[in-house]
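# Understanding the architecture of this molecule
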Amino acid sequence: MHEALRPAAVPYYEDPSPGSGALPPRAWWSTSDARYVSLNGAWRFRLSETADAHGDDFARPEFDATRWDLLPVPAHWPLQGHGSPAYTNVVYPFPVDPPRVPTENPTGDHRRSFDLPDDWPGGAALLRFDGVESCARVWLNGAELGTFKGSRLPVEFEVGELLRPRGNVLAVRVHQWSSGSYLEDQDMWWLPGIFREVTLIERPEGSVADFFVHADYDHVTGAGTLRVDCEPGGSVSVPELGLDLATGESATVPVEPWSAEIPRLYDAELATEGERIPLRVGFRTVAVEDGVFKVNGRRILLRGVNRHEFHPDHGRVLDLETMRQDLVLMKRHNINAVRTSHYPPHPAFLDLCDELGMWIVDECDLETHGFEVIGWRGNPVDDERWTPALLDRAARMVERDKNHPSVVMWSLGNECGTGRGLSAMASWIRDRDPDRPIHYEGDPSCADTDVYSRMYADHAEVALIGRRTELPLPDAESDAKRRSLPFILCEYAHAMGNGPGGLSEYQRLFETHERCQGGFVWEWIDHGLRQRTRAGVEFFAYGGDFGEELHDGNFVCDGLVFPDRTPSPGLIEYKKVIEPVRIDGDGAAGIVRVTNGYDFADLSPLSFRWTYEVEGDAVDSGDLEVPALAPGATAELKLPRVPGGGSGTPAGEGEAWWTVRAALADDTGWAPAGHEVAWGQFAAAASTTTAPRTSAASTSAAPTSAAPTEAPHTKTPRRAEGGVVLLGPGTFDAATGALRYLDHFQIAGAPRLDVWRAPTDNDAGSGRHPDLQLDRRWREAGLHRMRHRLDGVAIGADALTVTTRVAPAAGDIGLRTVFTWTATDDRLRLTVDVTPEGDWTVPLPRIGLRLGVCGSLDGVEWFGGGPGEAYPDTRAASRIGRYTSTVDALQTPYVRPQENGARADVRWVRLRREDGQGLLITGDPDFWFAARRWTGEQLDTAEHTYDLTPSETIWLNLDHGQQGIGSGSCGPGALPQHWLTAAPATFSFTFGALETT
Ligand code: GAL
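Residues numbered from 1 in each chain as written. Predicted model: local features only at pLDDT ≥ 70, side-chain atom pairs only at ≥ 80, totals over all residues. Heavy atoms only, no water.

## Structural notes on the side chain of Glu491
- Its location among the elements puts Glu491 in strand β32 (residues 487-494).
- Judged by relative accessible area, Glu491 falls into the buried class, the value being 4%.
- At a separation of 2.8 Å, a polar atom in the side chain of Glu491 contacts the side chain of Arg339.
- Polar contacts involving the side chain of Glu491 include one to the side chain of Tyr456, which spans 2.7 Å. (Helix = DSSP H or I, 4+ residues; strand = E, 2+ residues; numbered from the N terminus. Buried < 20%, exposed > 50% of the residue type's maximum accessible area, 1.4 Å probe, protein only. Polar contact = N/O pair within 3.5 Å; in protein donor to acceptor, adjacent residues only side chain to side chain.)

## Brief notes about the sheet that holds strand β23 (residues 286-289)
- An order of β23-β24-β25 is seen for the three strands of this open sheet, with the pairing classed as antiparallel. Looking at strand neighbours, the two that pair on one side only are β23 and β25 (298-299), the edges of this open sheet.
- Both strand β24 (residues 292-295) and β25 contribute to a ladder of two bridges, which runs antiparallel. Paired with Lys294 across the strands is Arg299, a residue of β25. (Pairing = 2+ DSSP bridges.)

## Quick word on the pairing of strand β15 (residues 198-202)
- Burial analysis of β15 places five of its five residues in the buried class, the great majority of the element.
- Here β15 shows a buried face lined by Val198, Leu200 and Glu202 and a second buried face lined by Thr199 and Ile201.
- Bridge count between strand β2 (residues 36-38) and β15: three bridges; the pairing is antiparallel. Looking across to β15, one finds that Tyr36 is bridged to Ile201.

## Things to note about the sheet that holds strand β22 (residues 276-281)
- If you walk across this open sheet you meet the four strands as β19-β18-β21-β22, and the pairing is antiparallel. Looking at which strands have only one partner, the edges of the open sheet turn out to be β19 (243-246) and β22. The average angle at which neighbouring strand axes cross in this sheet is 20 degrees, direction not considered.
- Of the pairings in the sheet, the one linking strand β18 (residues 235-238) to strand β21 (residues 266-271) comprises three bridges and is antiparallel in character. Among the inter-strand pairings, Val236 is bridged to a residue of β21, identified as Leu270. (Axes fitted to C-alpha atoms, helices over the stretch in contact; angles between N-to-C directions.)

## A closer look at the pattern of salt bridges
- A complete count under the given rule lists 86 salt bridges for this structure.
- Two residues, Arg264 and Glu256, come together in a salt bridge whose shortest N-O distance is 3.1 Å.
- Looking at Glu256, the relative accessible area reads 44%, which means it is partly exposed.
- If you follow the salt bridges from partner to partner, you end up with Arg46, Asp56, Asp109, Arg137, Glu144 and Arg173 in one network. (Salt bridge = Lys/Arg side-chain N within 4 Å of Asp/Glu carboxyl O.)

## Some details on helix α6 (residues 476-483)
- Among the residues of α6, those classed as buried are Ser478, Asp479, Arg482 and Arg483. The buried residues of α6 all sit within an arc of 130 degrees when viewed along its axis, so they share a single face. In α6, the exposed positions angled more than 90 degrees off the buried face are occupied by Ala476 and Glu477. (Arc of directions from axis to C-beta.)

## Some points on the environment of Thr533
- By the element assignment, Thr533 lies in the loop between β34 (529-532) and β35 (538-541).
- Distance from Thr533 to Tyr946, taken between C-alpha atoms, is 8.1 Å for residues 413 residues apart in sequence.
- Thr533 has contacts with Phe539 and Tyr946, leaving out every residue within four places of it along the chain. (Contact = heavy atoms within 4.5 Å.)

## Structural notes on unusual backbone geometry
- Cis geometry is found at the peptide bond from Gly499 to Pro500, where omega equals 0 degrees.
- Assignment of secondary structure puts Pro500 in the loop between β32 and α7 (503-512).
- The amide bond that connects Trp522 to the next residue, Glu523, takes the cis arrangement and shows omega of -5 degrees.
- Structurally, Glu523 can be placed in the loop between β33 (516-522) and β34.
- A positive phi is found at Asp290, a non-glycine position, where the angle reads about 50 degrees.

## Points about the site of the ligand
- Inspection of the region around the ligand gives 13 residues, with Asp187, His342, Glu415, Glu491 and His494 positioned closest.
- Asp187 places a side-chain nitrogen or oxygen 2.5 Å from an oxygen atom of the ligand.
- His342 places a side-chain nitrogen or oxygen 2.6 Å from an oxygen atom of the ligand.
- In the complex, 97% of the free accessible area of the ligand, which totals 310 Å², lies under the protein chains.
- Its residues assigned to classes, the shell around the ligand comprises five nonpolar, four polar and four charged. (Near = heavy atom within 4 Å. Areas by Shrake-Rupley, 256 points an atom, 1.4 Å probe, with all protein chains shown as cover. Nonpolar A, V, L, I, M, F, W, Y, C, P; charged D, E, K, R; others polar.)

Here it is in structure tokens:
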């Protein structure tokens, strides 16, 4: 063979080894009395298209890089104007030929110089990288330190002897693609760069090389046992406990335990000859006992989320403020657990979890999901050549994070199939840290794990698992082992777009079956990248927006918070579903029941208040004395007497409701006093259903536009000049029966039957369950292009009757619809009768009326469910009350536009202009209400928020029914009880103008 054609030895970035030159991994700590120099800041940067476009010249101290661009560190260079981000979920965006990577391998050369502080003592020092994606080669002052992979794990090099007081030059070459990329196929943006801190750390003689805090809690005796292993030896003091110990020595004393609910930490200090490190020690013991996952002897319930690290402008570069913001938001929404999907988070995040209280499943930086596409052939986790890399990753995670009480489980990684490499990781971890259980979801036999974990199992299967009656594994021994394990859903309830639905039903299973210990919603945040259109309109970009050849679209936006961390309705729903205090009652009996659903805390940190509302007006309110119930305990309390009636008796006209709220009595580290934790609502004894009051709150001038109808209104439909029919306050087109005016308000779009909704991501479903691809099935049935055939307009003695058949072209299904209009003096009443015809094999997206009104009627007030959006299976957080809003504020800006903004159980709604005039719509029965400045069809075609252009008309949807939401974008669909099957339906509305006197 010709010399030049012989394949070269595999370069370091393709070699499956973890790298060379790094120090052994060890614990991470944020401060000590040793000095450090942050090397964050402005670096010089050069991007090349290939790994070897340039030699190593740039690493020489004398190299002149002053003409290179400046780049902040930490950062991902594609988010700083160099190259582009790219998103794929499962597939690798390069040919799968491990460990080889493409020739097109964006490579960023980073370079900076730095001086040492004047008082820098000299001697040993470390250079630490907390995170570099995906492979780096490092030089200091021209000397090569080594290479490394493992993007979200730290690496350290000994550099003391290379340092000089002034003009040190650090050069780092970072390759986007490396053998490591095969191990980092997580569902997220591919974002190369030095994305976490770079630090130079002094290592004085006798300083701490590594330490391991063992702080157990014995729930029987109430004693904590502390032992700190340290290299080299030294001492540990915990002043509050009167402890002063040699390292390696243990002591047992009475303590208050640490838990996610009561994160009790003791300040301590570890001292060796050369270093003092402040510690925060939390005593707790984690165990799997009798098939149950316990902390401090008690079963815990995980109310969790999967958290990726994400910022809409900076990608996976997170500052402390953002990390704290995530935790504060989680705590405020009753979340108590995080799975660090799918890599160890920034190390400081775990300090915050210790402090604020959070159960952490710490997951290794490992996913090889793209091998599934090729039948798992060549999967690195089952190929010994990769085992050193896997063990390196396990060790770097465990060593870094082992001292956090918040970390209660290690996870081997995500979606790697099965293989010997995983077993090797598990046995290394077990040996190093026998005190924490091991998690991994991808192996159904649970060979290496202490918990049975699944993703997206449906409710029925979870119920079977809860009873330990799930289908058996083929191997009896594995089956017996798995059946004995506690169960968690490491992912469930796919929070993509509108949803997830079905949370309440899952929660009920977790609360019913001891074995089902909760789960982690997928996922915390939408990874939408903030961009602007040419016209300057801000939006969040998703897969495909950067011209990627392969991508998975908006599957990257499936979080409970929007990219800018605004809570989505899904988070509000989750907060309610997982609330740690249950409040319900019986208005007739005048009783409220309060149950403590915490695992450790009593109710003393909470204060309770009741409110008594009639038609949404607070009539009275007061404090409710609730005893400091122990976890699991329930108290039944008497409701107070309210004015105008006895206990539980409504005062005044209208529907009466009790609402009882539990709020923080005092400030905490995550919310101020008064923050609402839980609530319950129940109807008062005998509600008087009254006609809603029609008077507008503001009084103002008389009608401005001339009404075509003249008072007094007629209760009998009669033809009038101009081809119209007059009935009550309505003016109809005599030929079509279409409502043209209501009082003096022009009706831009006459009411008609509407069954279409802009499909949600969950309606779109996934490839796994074709039946749940409702979007496709609806379009195949033609529900997005229904035609309205007018079959007759009948002017009767007291009613105007309009008959239509609403049906799509090409098929024989249809909805025969009869509109019956009647009038009282000042109101119009419409009764709609719908009869399906033909063989309906798909559910209806919605069923109700759509009508268009003038865009100036944009003030909205309603009595019903609110304040936020709700759908049949996402309505737990919707509470009955009177709410005001605007049409614009009713919209939920999902990153990819889709059906949104419905309010549940609406009794009546008022739409008001600025001058106070407006319309009143009352439902019989209650209805789903939505209003927007575009039609459902326009919402359907929009791909980004900027595609939605407001029109002159406000479109109202007054729905009798809505299809449930479910979690079909990556899991089960809506439960059967939330399906909107085509069936005969009758519903009514009354319409009138608001009185303005
Ligand atoms: C899971 C995976 C997650 C994410 C999710 C769908 O299979 O573990 O990383 O891709 O599906 O959003």
